[in-house]
Amino acid sequence: MELLFEKGGEGRRSRYLPSCDVPELAPKTHLRASAPALPQLSEVEVDRHYEALSRRAYGVCEGFYPLGSCTMKYNPAVNEDLAALPGFTDIHPLQPAHTVQGCLNVLRITEKFLCSITGMDGFTFQPAAGAHGEFTGLLLIKAYHRDREDTARTKIIVPDSAHGTNPASAAMAGFTVVNIPSGPDGCVDLEALKAAVGPDTAGLMLTNPNTVGLFDRNILEITRIVHEAGGLCYYDGANLNAVMGVARPGDMGFDVMHLNLHKTFSTPHGGGGPGSGPVGCKDFLLPYMPGIRVRDEHDVLSALIPERSIGSVRGFNGNFLVVVRALAYLLALGREGVPEAAINAVLNANYMRVKLAGDFDMAYDHTCMHEFVMTLQQLKDDTGVSALDAAKGLLDLGIHPPTMYFPLIVHEALMVEPTETETKETLDAGIEALRQIKKTAETDPETLRHSPHQAVIGRPDEVEAARHPVIRWQETKA
Ligand SMILES: *Cc1c(COP(=O)(O)O)cnc(C)c1O
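Since the structure is predicted, the reported quantities are computational estimates derived from the model, not experimental observations.

**Student:** I'd like to hear about the side chain of Ser161, residue by residue, with values.
**Tutor:** With respect to the helices and strands, Ser161 occurs in the loop between strand 2 (155–159) and helix 6 (165–172). Setting aside its immediate chain neighbours within four residues, Ser161 contacts Ser182, Gly186, Thr207, Asn210, Thr211 and Ile409.

Set out below in structure tokens:
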């Protein structure tokens with residue numbers, strides 16, 4: 001496909017804008033010596049170009065998108081309109097508080113709702129993503145220990161069923177990462193945890209539901225062991241879609257956590273758009289919170305920085321409009337709707353898991369949360385068709401593949417997250433597609449090994465694409 005830079009011709013432009021009717025004033029010193037090599041195109045050429053680009057992309061509006069650990073659910077479009085209201089978009093973060101009472105109220109109410117959903121005592125909206133939230137939460141843990149002059153606590157325990165960002169964030173925050181294994185049931189190995197904790201334990205990070213889609217049945221025991229050793233407990237709540245309104249991390253003994261508004265609370269995930277990973281904590285960690293906190297004095301809202309704040313982790317209140325979408329979503333769903341969404345997410349995942357259990361090996365044979373993991377090791381041994389081949393084959397059937405080769409603790413993994421927003425017909429079609437892949441693997445494995453056959457791009461060299469991405473157009477002087 002040609003780039004805009006390769007299209008167009010001298011002098012083409014949109015004819016509808018009036019020409020400049022004031023003198024052009026630019027300091028000579030700031031003028032560039034030669035005109036930039038910008039493409040010159042008519043409006044319709046530009047329009048067709050972007051239209052063609054959008055047709056090459058696959059999104060949740062095209063079809064089923066069961067990408068595990070990503071919660072690619074359909075988000076109500078009306079929330080986009082609400083986030084685009086001029087009262088939210090046409091303000092400046094440095095405006096005096098009395099002129100932005102409504103926006104401060106959005107932060108305050110959303111914080112209150114998130115507290116009641118999670119059992120935390122306060123939230124900051126500064127972090128721009130889940131991993132950013134983890135980093136922020138770990139800095140809170142660090143500040144807490146440092147304030148108590150407990151400087152020996154330098155280690156963060158991370159089970160092997162944690163999301164990959166957990167150990168990375170802990171290392172970035174300056175901690176030593178201690179990995180502990182999970183048992184054959186997919187839950188944290190309690191004996192390994194007991195052996196790992198000690199006077200050097202700063203805390204534990206638990207992804208729950210974990211990356212194999214299971215709710216850790218020993219969760220209360222886990223937080224008790226860590227607390228008894230003097231550590232704090234961090235809850236990776238990026239996948240709250242499975243438990244929101246049903247169970248609260250704050251009641252399970254967690255001190256600090258993050259949420260992904262861009263997974264669970266009505267901001268589309270993926271595509272590189274703005275995200276939000278608010279961090280919540282218990283009372284005793286609130287003095288360390290980054291950024292401003294909204295204070296309510298007789299219904300007059302003001303903003304203040306906590307006394308022992310770790311500083312700012314991002315400008316102002318992070319991606320504020322993502323918070324507006326979350327509030328709209330929460331208000332629309334209400335007390336009944338929030339747990340209903342979670343329950344349906346879990347129901348849909350278990351429906352697919354049970355239906356597919358006759359055709360594929362499940363990595364863990366019990367009730368899952370919002371996602372489940374299959375292992376295609378046996379299929380690969382029998383037919384030579386790998387999880388990658390199966391995923392590529394699904395593209396030809398018009399379905400976005402599940403997450404593949406993650407979590408790392410399962411061989412030839414496919415991780416399926418249907419989400420609560422899909423109908424039974426869509427789930428059934430997804431099940432049929434996976435069954436068809438299996439049939440093709442048994443009868444015509446060669447076809448799958450060269451799939452996709454319908455997609456615009458076949459099999460790119462993914463390592464090359466990740467290590468040496470070509471994302472910038474270079475002018476080639478003819
Ligand atoms: C997605 C995810 C993250 C990371 O969130 P980002 O916004 O991509 O940084 C962390 N933990 C879990 C469990 C996740 O699913």
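**Student:** Provide a residue-level description of the site of the ligand, including the pertinent values.
**Tutor:** Taken together, 14 residues surround the ligand, and among them Gly130, Ala131, Asp236, His262 and Lys263 come closest. Between the ligand and Asp236, the relevant distance is 2.6 Å, taken from a nitrogen atom to a side-chain nitrogen or oxygen of the residue. Coverage of the ligand by the protein amounts to 88% of the 380 Å² it exposes when considered alone. Secondary-structure elements contributing two or more residues to the shell around the ligand are helix 5 (130–147) and helix 9 (261–264). Looking at the shell around the ligand, the element that brings in the most residues is helix 5, giving three residues. Among the residues forming the shell around the ligand, the class breakdown is three nonpolar, eight polar and three charged.

**Student:** Can you lay out the nonpolar core for me, pointing to particular residues and giving the numbers?
**Tutor:** Within the largest apolar cluster, 54 residues are counted, with the highest numbers of intra-cluster contacts made by Leu114, Leu193, Tyr235, Leu240, Met244, Phe254 and Phe265. For this core, the elements supplying multiple residues, two or more each, are helix 4 (101–118), helix 7 (190–196), strand 4 (201–207), helix 8 (219–228), strand 5 (232–237), strand 6 (256–259) and helix 10 (320–356). With 12 residues, the single largest contributor to this core is helix 10. Those residues in contact with Phe254, other than ones at most four positions away along the chain, are Met120, Leu206, Ile219, Thr223, Cys233, Tyr234, Tyr235, Pro249 and Lys282.

**Student:** Outline the sheet that holds strand 13 (residues 413–416), listing residues and values.
**Tutor:** Strands sit in the order 10-11-13-12 across an open sheet of four strands; the sheet is antiparallel. Lying at the two open borders of the sheet, with one neighbouring strand each, are strand 10 (361–362) and strand 12 (403–404). Looking at chain direction, strand 10 and strand 11 (residues 372–375) are connected through two bridges and run antiparallel. By the bridge assignment, Asp361 is partnered in strand 11 with Thr375.

**Student:** How would you explain the packing of aromatic side chains if you had to name every residue and give the values?
**Tutor:** Taken as a whole and judged by the stated rule, the model has six aromatic pairs. Note on Phe5 and Trp473: the rings are 4.1 Å apart at their centroids and 15° apart in plane angle, and the pair reads as stacked. With Phe5 in the segment before helix 1 (43–56) and Trp473 in the segment after helix 15 (462–467), this residue pair connects regions lying 468 residues apart in the sequence. The residue whose ring lies beneath Lys142 is Phe175, and the NZ or CZ to ring-centre distance is 5.5 Å.

**Student:** Mind laying out unusual backbone geometry, listing which residues take part and the relevant values?
**Tutor:** The amide bond that connects Phe406 to the next residue, Pro407, takes the cis arrangement and shows omega of 0°. Note that the residue after Ser451, namely Pro452, is joined by a cis bond; omega there is 5°. Along the chain, Pro452 turns up in the loop between helix 14 (445–449) and helix 15. The phi torsion at Ser69 lies on the positive side, around 65°, for a residue other than glycine.

**Student:** How would you explain the environment of Ser116 if you had to name every residue and give the values?
**Tutor:** Along the chain, the position of Ser116 falls in helix 4. A relative accessible area of 45% places Ser116 in the partly exposed class. Sequence separation between Ser116 and Gly273 is 157 residues; the distance between their C-alpha atoms is 27 Å. From its side chain, Ser116 meets the backbone oxygen of Phe113 in a polar contact 3.0 Å long.

**Student:** Lay out the packing of helix 5 against helix 6 in plain terms, naming residues and giving numbers.
**Tutor:** Here helix 5 crosses helix 6 at 45°, and the two axes come no closer than 9 Å. The angle between helix 5 and helix 6 falls in the class oblique. Once helix 5 is placed against helix 6, the crossing between them reads as right-handed. Each of Ala131, Glu134, Phe135 and Leu138 in helix 5 lies in contact with helix 6, whose residues at this interface are Thr165, Asn166, Ser169, Ala170 and Met172. Along the lines of polarity and charge, the residues of the contact of helix 5 with helix 6 split into five nonpolar, three polar and one charged.

Rules used in this analysis
Residues numbered from 1 in each chain as written. Predicted model: local features only at pLDDT ≥ 70, side-chain atom pairs only at ≥ 80, totals over all residues. Heavy atoms only, no water. Helix = DSSP H or I, 4+ residues; strand = E, 2+ residues; numbered from the N terminus. Contact = heavy atoms within 4.5 Å. Near = heavy atom within 4 Å. Polar contact = N/O pair within 3.5 Å; in protein donor to acceptor, adjacent residues only side chain to side chain. Areas by Shrake-Rupley, 256 points an atom, 1.4 Å probe, with all protein chains shown as cover. Nonpolar A, V, L, I, M, F, W, Y, C, P; charged D, E, K, R; others polar. Core = buried A, V, L, I, M, F, W, Y, C linked by side-chain atoms within 4.5 Å. Buried < 20%, exposed > 50% of the residue type's maximum accessible area, 1.4 Å probe, protein only. Pairing = 2+ DSSP bridges. Phe/Tyr/Trp six-rings, centres within 6.5 Å; stacked < 30°, edge-to-face > 60°. Lys NZ or Arg CZ within 6 Å of the ring centre and 35° of its normal. Axes fitted to C-alpha atoms, helices over the stretch in contact; angles between N-to-C directions. Parallel < 35°, antiparallel > 145°, perpendicular 65-115°, else oblique. Left-handed = near helix turned anticlockwise from the far one by under 90°.

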